[in-house]
Each structure stands twice: as structure tokens, then as C-alpha cells.
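Commentary on secondary and tertiary structure
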Amino acid sequence: MSGNLSPIDTAKFVAAKRAVDFVEDGMRVGLGTGSTAAWMVRCLGERVREEGLRITGVPTSSRTAELARKVGVKVVSLDEAKWLDLTIDGADEIDPNLNLIKGGGGALLQEKIVATASDQMVVISDASKLVEGLGAFPLPVEVVPFGWQTTKALVEETLAGIDVLGQSATLRLNGDAAYVTDEGNYILDLHLQRIGNPRQASLVLNQIPGVVENGLFIDICDVVVIGHGDGRVEVRDINAGTRQEDRIEFADTDNLFRDLAD
Ligand code: 5RP
């Protein structure tokens, strides 16, 4: 990759670049999935190459594992790492309490397992993902293929009894076929428009047989790093109750971008 970054890529990149400052030598780090998380993996690779940073990465998808290996980040399974110091990942929506919708990239199950097995979760994003209330982004729910249509009907029936506006679910497709996750499951996208009580919705959905996990991340995220197209970043820490602003200076002729060409 070379040339000028678009404002949206700049926002994702500066959020990622700032977030890897949280990573210290010797840490076990959960590596998220998606376009913003991919920038974070590249930035980590740069720190490994240029500073000799020694870290162990636990990827949340086969895509992320491949990228991490390519940029020189050591990869192990979660069972090998056991517990993580930190996970850095993207999100589809972030509310003022740092509750999230995730899974737009289809990796919500591994992402939730890995984030939950971490001392700290840092979410990186551009400002467009900040919302007052969750639900405009379709909520991904991972379901087992066996009897998925029955599970879908049960999910829709359940939605009628909870505080959401929409109640329809659609099977995520990859071309003409069902999208299949790294775990061999399907994804239902729930078109809820507004989720009045995300905690309740998450608990209720996970009680339906056939549902493996949903994309609501409640009380899991500790810090968000929001990037902007002009290089500004905002760091919000929900536990400390702090907000800091920074600016990331970079040239998109850096090695980091040149390395992506091959
Ligand atoms: C993948 C995810 C992603 O983190 C989320 O969809 C955000 O992706 P992007 O950074 O490409 O906007 O949850 O399952």
C-alpha cells in the first residue's frame, strides 16, 4: 500500500497506532479481526521489527493469524497462552458505557472468548462507530447449522418479548451460500434498530438452543481509542473515567506502508 490514505483509513490507522502503545514487552496480546484491527496487527509487527518487542499474539480469526505471521508477530492458540494481558480489537458500534456490537466481520465468537480471557480490552475505531444507543447496526448472532431455520424462528419469536424495535433476522450470505465462520457455524443478522436493554437482550438470546453466541459485548471493553481523519486520537478509559486527546504524526511513505505492497 502506498500513496495517500483516505480520511477513514487515516482514522483507523491512528487509532491502531495509538493503541499499540498499550502493549509492553513480554505481553500476551489478543489480536482482533477487521480492517481497523488489521492496522493494529501491522503496527505491532512494526514494533516487533524495529524495537525488538517480544510479544505473543492470540488471533481471533484465521485472517488475523495469517496477517500476524506475515508481519512477524508470533502467534499461539488461546489454550497455549491461557490468559492474556490485553486484547485490541475493532467494533461496529460503541455506546457511551463502552458496550459494543461486534461481529460485522463474522469473528464474534473467537473475539468474545479472547476478549473475556484478557485483563484489559482496548477497542479501536473511527468516530463513525460511536452511538448514543446500540442497535442500528444489525446484531450478529452465531448459530449452529443444524436446524438453523428453527433457531431463526425461535430468535424472532424471542425478540417479540424484549425491548427492541425490529424483530427480523436474516442469514448472512457469502455469495449464494451461507457465510460459514471459522468455527463452522452460520450467522444470523438481527435487524433491531434499537436495543433498549442490551444486557437483557444478550442473556435472553444466549439461552436459545442453537445460538452459540451473540455480538453484544457488555462490560468487556475497558478503553476505546477513537481516531480521526486529521490524525487526532481520543482515548477514553471507562474505569479511570478519563479522556485524553493526542495527535499521531506519520508519513504514509513510512516503512509500515511500503511493507504492505507485497
Ligand atoms: C469482526 C468485528 C470487527 O472488529 C468489526 O466488524 C469492525 O470491523 P472494521 O474495523 O473493519 O470496521 O467485530 O467480527
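Residues numbered from 1 in each chain as written. Predicted model: local features only at pLDDT ≥ 70, side-chain atom pairs only at ≥ 80, totals over all residues. Heavy atoms only, no water.

1. Let's talk about the pairing of strand β9 (residues 168-171)
Burial of the side chains of β9 is restricted to one face: Ala 169 and Leu 171 are buried, whereas none of Ser 168 and Thr 170 on the reverse face is. Sheet topology places β9 next to strand β12 (residues 186-191); 4 bridges connect them, and they run antiparallel. The residue bridging Thr 170 from the neighbouring strand is Asp 189, located in β12. (Buried < 20%, exposed > 50% of the residue type's maximum accessible area, 1.4 Å probe, protein only. Helix = DSSP H or I, 4+ residues; strand = E, 2+ residues; numbered from the N terminus. Pairing = 2+ DSSP bridges.)

2. With respect to the packing of aromatic side chains
A complete count under the given rule lists 3 aromatic pairs for this structure. Judged by centre distance (6.3 Å) and plane angle (75 degrees), the ring pair of Trp 148 and Tyr 186 falls under edge-to-face. Here Trp 148, found in helix α6 (residues 148-159), pairs with Tyr 186, found in strand β12; they are 38 residues apart in sequence, far enough to count as distant. Ring-pair connections join several aromatic residues into one group, and the members of that group are Phe 13, Trp 39 and Phe 250. Across the ring face of Trp 39, the terminal group of Arg 42 is positioned such that the distance to the ring centre comes to 4.8 Å. Over the aromatic face of Tyr 179 sits the side chain of Arg 172, whose NZ or CZ is 5.8 Å from the ring centroid. (Phe/Tyr/Trp six-rings, centres within 6.5 Å; stacked < 30°, edge-to-face > 60°. Lys NZ or Arg CZ within 6 Å of the ring centre and 35° of its normal.)

3. Remarks on the sheet that holds strand β15 (residues 223-227)
If you walk across this open sheet you meet the 8 strands as β3-β2-β1-β4-β7-β15-β16-β17, and the pairing is mixed. Unpaired on one side and paired on the other, β3 (74-75) and β17 (242-247) mark the two borders of the sheet. Pairing analysis gives 5 bridges linking strand β7 (residues 121-126) to β15, with the strands arranged parallel. Within the sheet, the bridge partner assigned to Val 123 lies in β15 and is Val 224.

4. Thoughts on the domain arrangement of the protein chain
For the protein chain, the assigned domains read domain 1 (2-131 + 219-247) and domain 2 (139-215). Facing 15 residues of domain 1, the contacting portion of domain 2 comprises 18 residues. Summed over both partners, the interface of domain 1 with domain 2 buries about 1200 Å², with 49% contributed by carbon and sulfur atoms. Here Glu 213 makes a salt bridge to Lys 112, at a shortest N to O gap of 2.8 Å. Our count for the contact surface shared by domain 1 and domain 2 stands at 9 residue pairs in polar contact (both at pLDDT 80 or more). When contributions to the side of domain 1 that touches domain 2 are tallied by element, the ones reaching two or more residues are α3 (62-71), β6 (100-101) and α5 (108-116). For the side of domain 1 that touches domain 2, the element with the most residues is α5, which contributes 4 residues. Among the residues forming the side of domain 1 that touches domain 2, the class breakdown is 4 nonpolar, 7 polar and 4 charged. (Domains from an automatic or database assignment. Contact = heavy atoms within 4.5 Å. Buried area = accessible area lost by both parts, 1.4 Å probe. Salt bridge = Lys/Arg side-chain N within 4 Å of Asp/Glu carboxyl O. Polar contact = N/O pair within 3.5 Å; in protein donor to acceptor, adjacent residues only side chain to side chain. Nonpolar A, V, L, I, M, F, W, Y, C, P; charged D, E, K, R; others polar.)

5. A few points about the sheet that holds strand β14 (residues 216-217)
Ordered in space as β5-β6-β14, the 3 strands form an open sheet in which the pairing is antiparallel. Only two strands of the sheet have a single partner each, and these edge strands are β5 (93-94) and β14. In this structure, β6 lies alongside β14, joined through 2 bridges in antiparallel fashion. If you follow Ile 101 over to β14, its bridge partner there is Leu 216.

6. Thoughts on the side chain of Lys 12
Secondary-structure assignment places Lys 12 in helix α1 (residues 7-19). It is Asp 126 that comes nearest to the buried, bridge-free Lys 12 among opposite-charge side chains, at 5.0 Å. Of note is the side chain of Lys 12, whose polar atom sits 2.8 Å from the side chain of Ser 35. Aside from chain neighbours lying at most four places away, what touches Lys 12 is Ser 35, Thr 36, Trp 39 and Asp 126. (Lys, Arg positive; Asp, Glu negative; His and termini not counted.)

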